[in-house]
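Topology and contacts: notes
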Amino acid sequence: MGDLTHLTISELQAGFRKGDFTPADAVRALEARIQAVDPQIGAFLARDFDSALAAAKKADVSQPLGGVPIGIKDAINVLGEQCTCASKILAGYKAPYDATVIARLKAAGAIPFGRLNLDEFAMGSSTENSAYQITKNPWDPTRIPGGSSGGSAAAVSARMAYATLGSDTGGSIRQPASLCGVVGLKPSYGRVSRYGLVAFASSLDQIGPFARSTRDCASLLSVMAGKDPHDSTSLDLPPEDFTSRMTGDLRGIRLGIPREYFVDGMDPRVRAKVEEAIKTCETLGAELVEVSLPHTEYAIGVYYIIATAEASANLARFDGVRYGHRAKNPTDLLDHYRRSREEGFGSEVKRRIILGTYVLSSGYYDAYYLRAQKVRTLIRQDFTRAFETVDALVCPTSPDLAFKIGERVNDPLRMYLADIFTIAANLAGICGISVPCGLVEEKGTSLPVGLQFLGKPLDESRLLGIADAYEQAGAKEILAQIP
Amino acid sequence: MSSPNLDVRDVARLARIELTDKETDTFQSQLGSVLEYVEQLGKLDLTGVEPTAHANPIFNVFREDAVEPGLRREAVLANAPQSANNLVLVTKVLE
């Protein structure tokens, strides 16, 4: 039977259906791999092999995802399981319901399995802000896996999961996918219900998949997408098979290269790999067009106003009343709130709540929040204009390779700048995907580089078709070298 | 900068978070740099630009005003820091 952990979901399902092996075998293979590798990587905050095995034994492999285990970021509610958001304030919390994506995955036969580490409340780019543990990059354990969905990316990269779910508010799926050498998809805003994802910045958050192939991400999205009465921002669209446009070539596709995404200051080795990948796209038949997104330089500023403002409102619910940490022996209600939140939240979360509260406060709202919302309009218009002449954009996912653990923890602004190529997509509500496009030798280890494709709102089928064509030609070997 | 207007201690009070003196000082300087960075938004002429709150143009999503099943009481109370008689115990609100 061999080591099943190398398989993609499509390969796994083919094996299930032919009877070569069973979902229980697939879970046992993960168990062995996790026990061997996770003590060094630290991707999982919790896992329950017994219940996954029990579900696997009952699985119907004829279902769309029958018997496929899927790892879950510890910010998405799965009935009866912990959902800590890697925060002390939610220590011991047990989800009283399934998030809509989880209900949809379960209905398709998938097995949600394990709780994956993240930056506390998804605030960060390195997973170092977890209150529980540091997750290491499987390619080099002295380096960060990216974030905030670092556990989800590292688990797929280290073959401790066939696929996982993460959430992307400013790049939290695409950036760790890039740094861990796997595929990560951020759907368009409104494509996937956010119900049951603990809210960080509600106008930016989207749930999306990580996998070791674009096709697997597409299969998961086909199940996850759809209107949900519990999320009024989810869009009512007909079901789609997101693998339907995987033709393997790029003839007739116009790919835009945004000038502002090739800036001084990015790692020249990243740039070289991305430029090589763009040439591969041309070889596959794509027509390359240089485009401009003139307001790119403002995206990070806009993001850190809007995201923190929304976070300060969303995280007001953590007040130690109905759930979560409550300080002992409060002198009065104000003391109860202030100490519960002081004891429960970590530094980055406090920093962002303070910033968000400030930009919304009386006298500063117009200068910061309203102004940021107007610049958001300009950023969105940049993409609308670019998409009038091209089918998708191609650019780097991250300006850097995975950096060393501890290197940026004391410099929040520098950490924020790492998200420069991913943030604008969330502000504009468009879809994006990161696919591995090369390995760079760095002090004796190989580190992956990600190529990002950005698509029009709700144009995931085409985006995934383009990413798959590139993957077949340019990424297969990298995906095969996963450590 | 600068950001002479940001008083972390005061904002923390609004946000209902107790901060240590050390945290207050660290945040004052770190958030000062972040605010200095976002000052760049001031360079743009935004006359006539409408704000975007949300990437999709959806407004006022209505549903029938019908009762739907909620969460199970035991599951909800199991997460409460303190409970008694099927109710959440809270810190005294009124003197």
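Structure's up top.
First, a word on scope: everything that follows refers to the structure included in this document. Note that the structure is predicted; figures quoted are calculated from it, not measured.

Residue and element names in this part refer to chain A. Among the nonpolar cores identified, the biggest contains 180 residues, and Ile 70, Phe 121, Leu 165, Phe 383 and Phe 453 are the most heavily contacted of them. The greatest single-element share of this core, amounting to 10 residues, is contributed by helix α9 (residues 299-314). Ignoring any residue separated from it by four or fewer positions in sequence, one finds Phe 453 in contact with Leu 255, Cys 281, Leu 393, Val 394, Cys 431, Gly 432, Ile 433, Leu 463, Ile 466, Ala 467 and Tyr 470. Formed by five residues, the second largest nonpolar core is a distinct cluster that contains Ile 144, Leu 179, Ala 402 and Met 415.

Since one α-helical turn is 3.6 residues long, residues separated by three or four positions face the same way. Among all positions of helix α3 (residues 49-57) of chain A, only Phe 49, Ala 52, Leu 53 and Ala 56 of chain A are buried. Summarising the axial view, the buried residues of α3 of chain A lie within an arc of 100°, below the 170-degree limit, and thus occupy one face.

As a further point, take the interface of chain A and chain B. Facing 67 residues of chain A, the contacting portion of chain B comprises 52 residues. Between chain A and chain B lies a buried interface of about 5,300 Å² when both sides are counted; carbon and sulfur atoms form 66% of it. Of all residues in chain A, Arg 326, Arg 338 and Ile 354 of chain A give up the largest surface area on contact with chain B, accounting jointly for 13% of the area buried on that side. Summed over the shared surface of chain A and chain B, the result is three salt bridges. Arg 338 of chain A is the partner of Glu 18 of chain B in a salt bridge, and the nearest nitrogen-oxygen pair spans 3.9 Å. Taken together, the links from chain A to chain B amount to 19 residue pairs in polar contact (both at pLDDT 80 or more). Those elements giving two or more residues to the side of chain A that touches chain B turn out to be α9, α10 (333-344), α11 (347-360), α12 (365-389), α13 (412-417) and α14 (423-428) of chain A. If you tally residues by element for the side of chain A that touches chain B, the top one is α12 of chain A, at 11 residues. Looking at side-chain class alone, the side of chain A that touches chain B contains 32 nonpolar, 18 polar and 17 charged residues.

Turning to the pattern of salt bridges, a few remarks are in order. Residue and element names in this part refer to chain A. Under the definition given, this model contains 33 salt bridges over all chains. Note that Asp 25 is salt-bridged to Arg 28, the shortest N-O span being 3.4 Å. Residue Asp 25 and its partner Arg 28 are both found in helix α2 (residues 23-41); the two are separated by three residues, about one turn of the helix. Ionic contacts of the salt-bridge type, sharing partners, join the residues Asp 140, Arg 143, Asp 267, Arg 269, Glu 442 and Lys 443 into one network.

This next bit is on the packing of aromatic side chains. Aromatic ring pairs are reported here in terms of the distance separating the ring centres and the angle at which the planes meet. Residues and elements named next belong to chain A. One pass over the structure, following the stated rule, counts 17 aromatic pairs over all chains. When the centroid spacing of 5.8 Å and the interplanar angle of 65° are considered together, the rings of Tyr 93 and Tyr 323 count as edge-to-face. Here Tyr 93 is found in the loop between β2 (69-73) and α4 (100-107), whereas its partner Tyr 323 is found in the loop between α9 and α10, with 230 residues between them in sequence. Each member of the pair, Tyr 93 as well as Tyr 323, carries the same accessibility label: buried. With a centroid separation of 4.9 Å and 55° between ring planes, the pair formed by Phe 121 and Phe 318 is classed as tilted. With Phe 121 in the loop between β3 (111-116) and α5 (150-157) and Phe 318 in the loop between α9 and α10, the pair connects residues that are 197 residues apart, well separated along the chain. Grouping residues by exposure puts Phe 121 and Phe 318 together as buried. An aromatic cluster is built from Tyr 93, Phe 121, Phe 318, Tyr 323 and Phe 345, whose rings are joined through pairwise contacts. Taking the ring centre of Phe 403 as reference, the NZ or CZ of Arg 408 above it sits at 4.1 Å.

Thresholds applied
- Residues numbered from 1 in each chain as written.
- Chains lettered and ligands numbered in written order.
- Predicted model: local features only at pLDDT ≥ 70, side-chain atom pairs only at ≥ 80, totals over all residues.
- Heavy atoms only, no water.
- Core = buried A, V, L, I, M, F, W, Y, C linked by side-chain atoms within 4.5 Å.
- Buried < 20%, exposed > 50% of the residue type's maximum accessible area, 1.4 Å probe, protein only.
- Helix = DSSP H or I, 4+ residues; strand = E, 2+ residues; numbered from the N terminus.
- Contact = heavy atoms within 4.5 Å.
- Arc of directions from axis to C-beta.
- Buried area = accessible area lost by both parts, 1.4 Å probe.
- Salt bridge = Lys/Arg side-chain N within 4 Å of Asp/Glu carboxyl O.
- Polar contact = N/O pair within 3.5 Å; in protein donor to acceptor, adjacent residues only side chain to side chain.
- Nonpolar A, V, L, I, M, F, W, Y, C, P; charged D, E, K, R; others polar.
- Phe/Tyr/Trp six-rings, centres within 6.5 Å; stacked < 30°, edge-to-face > 60°.
- Lys NZ or Arg CZ within 6 Å of the ring centre and 35° of its normal.

Interpretation note: all reported values are geometric properties and have no functional meaning in isolation.
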